[in-house]
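Architecture at a glance
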Amino acid sequence: FRTSVMFSRLADQYRSVVQDLVMSLHALASSLQKQGVVATCYSCDDGHDRDGNGASFVAELGDQHLVRFLVSDFGISWVESRNGRELVKFEGAEAIQELQRIATSIQKRSAIGSTPEIASR
């Protein structure tokens, strides 16, 4: 009995993390757009009453360099590609760290008033 309560609590916590990431992705897309970067974020749900069960974030970082961050109740992934070829893919915590890297880069560029292109790895 205690185990099922624990798993239910963990599932609720994960859904909360997904919702937080969806809100952060929308904010990141908006921030990128303000800096002249092509970025989109689409929310999706699983057909239940909950909002924000997932999102797809895509940003074009220049020179045919794209990043895609997907988050849902099924998982979290980060894919970076150039010229249509996948360069790197991360899942879970590593994907979130890559998202943080981009967000930090944006904040630094905003603070110094730099050009919108985000430095690649």
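In this report, we go over the structure that sits alongside the text. (Residues numbered from 1 in each chain as written. Predicted model: local features only at pLDDT ≥ 70, side-chain atom pairs only at ≥ 80, totals over all residues. Heavy atoms only, no water.)

**A word on the sheet that holds strand β3 (residues 65–72)**
Stated formally: Strands are labelled as partners when DSSP assigns at least two bridges between them. Here a strand is any run of E in DSSP of at least two residues, a helix any run of H or I of at least four, and the numbering for each starts at the N terminus. Convention adopted: a line fitted to C-alpha atoms gives each axis, helices being fitted over their contacting stretch, and angles between N-to-C directions are expressed from 0 to 180 degrees. Any pair of residues with heavy atoms lying within 4.5 Å of one another is described as a contacting pair.
As summarised here, the arrangement of the 5 strands in space is β1-β2-β3-β4-β5, forming an open sheet in which the pairing is antiparallel. Pairing within the sheet leaves two strands with one partner each, and these edge strands are β1 (38–44) and β5 (85–91). Geometrically, the sheet is characterised by an average inter-axis angle of 10° between neighbouring strands, direction not taken into account. The sheet contacts of helix α1 (residues 2–34) involve β1, β2 (54–60), β3 and β4 (75–82), and relative to β1 the element is tilted by about 150°. Across the sheet, helix α2 (residues 92–112) lies against β3, β4 and β5, angled at about 55° from β4, the strand it touches most.

**Quick look at the side chain of E80**
Here is the rule: By the criterion applied in these results, polar contacts are pairs of N or O atoms within 3.5 Å in which, for protein atoms, one can donate a hydrogen and the other can accept it, and in which residues neighboring in sequence qualify only through two side-chain atoms.
You can see E80 is positioned in strand β4. Side chain to side chain, E80 and H65 meet in a polar contact 2.7 Å long. For E80, the side chain forms a polar contact with the side chain of W78, separated by 3.3 Å.

**With respect to the packing of aromatic side chains**
Worth spelling out the cut-off: Whether two aromatic rings pair depends on their centres lying within 6.5 Å, for rings of Phe, Tyr and Trp, where Trp uses its six-membered ring; planes under 30 degrees apart make the pair stacked, over 60 edge-to-face, and the rest tilted. Relative accessibility thresholds used throughout: buried, under 20% of the residue-type maximum; exposed, over 50%; partly exposed, between the two (1.4 Å probe, protein chains only).
Using the criterion set out here, one finds 1 aromatic pair in the structure. Plain terms: the ring middles of F69 and W78 are 6.4 Å apart, the flat faces sit at 65° to each other, and that makes the pair edge-to-face. Considered together, F69 and W78 belong to a single accessibility category, that of buried residues.

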